[in-house]
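Overview (structure and organization)
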Amino acid sequence: MTTPAVKMVVAYVTAPSKEVAMTVARTTVTEALAACANVIPEVTSVYKWQGKIEEDQEHVVILKTVESKVEELSARVRSLHPAETPCFFTLAIDKITPDFGGWIVDSTNSSTAKH
Amino acid sequence: MTTPAVKMVVAYVTAPSKEVAMTVARTTVTEALAACANVIPEVTSVYKWQGKIEEDQEHVVILKTVESKVEELSARVRSLHPAETPCFFTLAIDKITPDFGGWIVDSTNSSTAKH
Amino acid sequence: MTTPAVKMVVAYVTAPSKEVAMTVARTTVTEALAACANVIPEVTSVYKWQGKIEEDQEHVVILKTVESKVEELSARVRSLHPAETPCFFTLAIDKITPDFGGWIVDSTNSSTAKH
């Protein structure tokens, strides 16, 4: 296990439907903004909106990427997301296996990622 | 993307039933201890209890909040949870979109959160 | 809530089937490499492999442990996983309830964990 050679993060996004979740996952991976995505289905979200407790069915999208792509990634997710204030934050990866870490770097390196 | 103006965290809780999970989610959001909750269903938990491997169906509750509410949040979760030693830990949020971060601060600010 | 007495982490693994996910969970808990595991089912993974976007059904395994076991844990997961480059990374636990933290330490302490 190693501390990542370059800072890597997990981005956490919630989406109001499977379609939006899969569009975020497919687009960001295709454009090498994220190395991979895990879409967790059937999540119940609870939040307060204008003083009232709301409950929605959502899907959580976990995106693994390098820190240097986070700005672009968050802008792209916003462009694909219907909400005015989409949930988007990152958690820093502490340690990672060298081969998986290398794969994340390659997959988000626009020049290598296309081939 | 910005480093949160005030420290923000994700709290991770496991609940033995959907009822307990939703009670934790609804109560902590209503009381402005968390801005929002995502309840992940149908999780299989594996752990050792008194030397024996146990497997239970559980629900994971992800709570997004400010660090300053964590002490109160963990005490409230414990008061709603049937287990003697509930799973409760936090992960520090590294970066967040300014609008979603602002919403978390507003939603956990007891004075503003009620209106 | 306290900062863990010893560094604790959450390990994040994806598995191609429920069988692999449960084998990873059961084996690592039995061998005191992790205190407990949460297996999240029916996750859709999106990634690029040799230039093509792939979508698979996977299961996410969340393993809670002490930092000192991570090297051994990652090697054991690799030995149980069919993929050439399994997804394995850790996130540092920021704060934890003293009793749950104590339980993680006891459960991953090979001498105490057996009894």
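Just so it is clear, the structure is predicted and the values come from calculations on it, not from any experiment. (Residues numbered from 1 in each chain as written. Chains lettered and ligands numbered in written order. Predicted model: local features only at pLDDT ≥ 70, side-chain atom pairs only at ≥ 80, totals over all residues. Heavy atoms only, no water.)

Here we come to the packing of helix α1 (residues 18-30) of chain A against helix α2 (residues 70-80) of chain A. Residue and element names in this part refer to chain A. Put simply, α1 and α2 touch, their axes get as near as 10 Å, and they point 140° apart. Along this stretch, α1 crosses α2, giving a crossing that reads as right-handed. Residues V20, T23, V24, T27 and T28 of α1 touch α2, and the partners they reach there are L73, R76, V77 and L80. Residues belonging to the contact of α1 with α2 are distributed by class as follows: 5 nonpolar, 3 polar and 1 charged. (Axes fitted to C-alpha atoms, helices over the stretch in contact; angles between N-to-C directions. Helix = DSSP H or I, 4+ residues; strand = E, 2+ residues; numbered from the N terminus. Left-handed = near helix turned anticlockwise from the far one by under 90°. Contact = heavy atoms within 4.5 Å. Nonpolar A, V, L, I, M, F, W, Y, C, P; charged D, E, K, R; others polar.)

Glancing now at empty space enclosed by the protein. Counted by the stated rule, this structure contains 3 cavities of 30 Å³ or more. Approximately 250 Å³ is the volume attributed to the largest cavity. As for the largest cavity, its lining consists of 21 residues, of which Y12(A), I62(A), I62(B), Y12(C) and I62(C) are closest to the centre. In this structure, the second largest cavity encloses a volume near 40 Å³. Lining the second largest cavity are S74(B), V77(B), R78(B), P86(B), F88(B) and T97(C). Top contributing element to the lining of the second largest cavity by residue count: helix α2 (residues 70-80) of chain B, with 3 residues. (1 Å grid on protein atoms, 1.4 Å probe; cavity = no way out; pocket = protein on both sides within 12 Å on 5 of 7 lines; lining within 4 Å. Points joined across faces, edges and corners; volume = space filled by probe spheres on them.)

So, about the relation of the copies chain C and chain A. Superposition record for chain C on chain A: RMSD 0.0 Å, screw rotation 120°, translation along axis 0.0 Å. Both copies are brought into coincidence by an operation consistent with a three-fold rotation axis. Here only 12% of the interface residues in chain C have copies in chain A that are interface residues too; the copies meet through unlike faces. (Least-squares fit on C-alpha atoms with pLDDT ≥ 70 in both.)

Least-squares fitting of chain A to chain B yields an RMSD of 0.0 Å, with the transformation described by 0.0 Å of translation along the axis and a rotation of 120°. Taken together, the interface assignments show that only 12% of the residues at the interface of chain A recur at the interface of chain B, consistent with different surfaces on the two copies.

Quick look at the interface of chain A and chain B now. It is common to give the size of an interface as the accessible area lost on bringing the parts into contact. Facing 34 residues of chain A, the contacting portion of chain B comprises 31 residues. Carbon and sulfur atoms supply 56% of the area that chain A and chain B bury against each other, a total of about 2,400 Å² over both sides. When the area that chain A buries against chain B is broken down by residue, the three leading residues are V46(A), K48(A) and F89(A), summing to 24%. Across the contact surface, chain A and chain B share 4 salt bridges. (Buried area = accessible area lost by both parts, 1.4 Å probe. Salt bridge = Lys/Arg side-chain N within 4 Å of Asp/Glu carboxyl O.)

Next up on the list: the interface of chain C and chain A. The interface is formed by 34 residues belonging to chain C together with 31 residues belonging to chain A. Carbon and sulfur atoms supply 56% of the area buried between chain C and chain A, which totals about 2,400 Å² over both sides. Three residues, V46(C), K48(C) and F89(C), lead the burial of chain C against chain A; their summed loss comes to 23% of the area buried on that side. The tally of links from chain C across to chain A stands at 4 salt bridges. Across the pair R26(A) and E55(C) runs a salt bridge whose closest N-O atoms are separated by 2.4 Å. Scanning the region where chain C abuts chain A turns up 14 residue pairs in polar contact (both at pLDDT 80 or more). Sorting the residues of the side of chain C that touches chain A by element identifies β1 (8-15), β2 (36-49), β3 (52-66), α2 (70-80) and β4 (88-92) of chain C as the ones contributing at least two each. When residues of the side of chain C that touches chain A are assigned to their parent elements, the largest contribution, 10 residues, is made by β2(C). Pairing between strand β2 (residues 36-49) of chain A and β2(C): 4 bridges, direction antiparallel. Each bridged residue has a counterpart across the sheet, and for A37(A) the counterpart in β2(C) is V46(C). (Polar contact = N/O pair within 3.5 Å; in protein donor to acceptor, adjacent residues only side chain to side chain. Pairing = 2+ DSSP bridges.)

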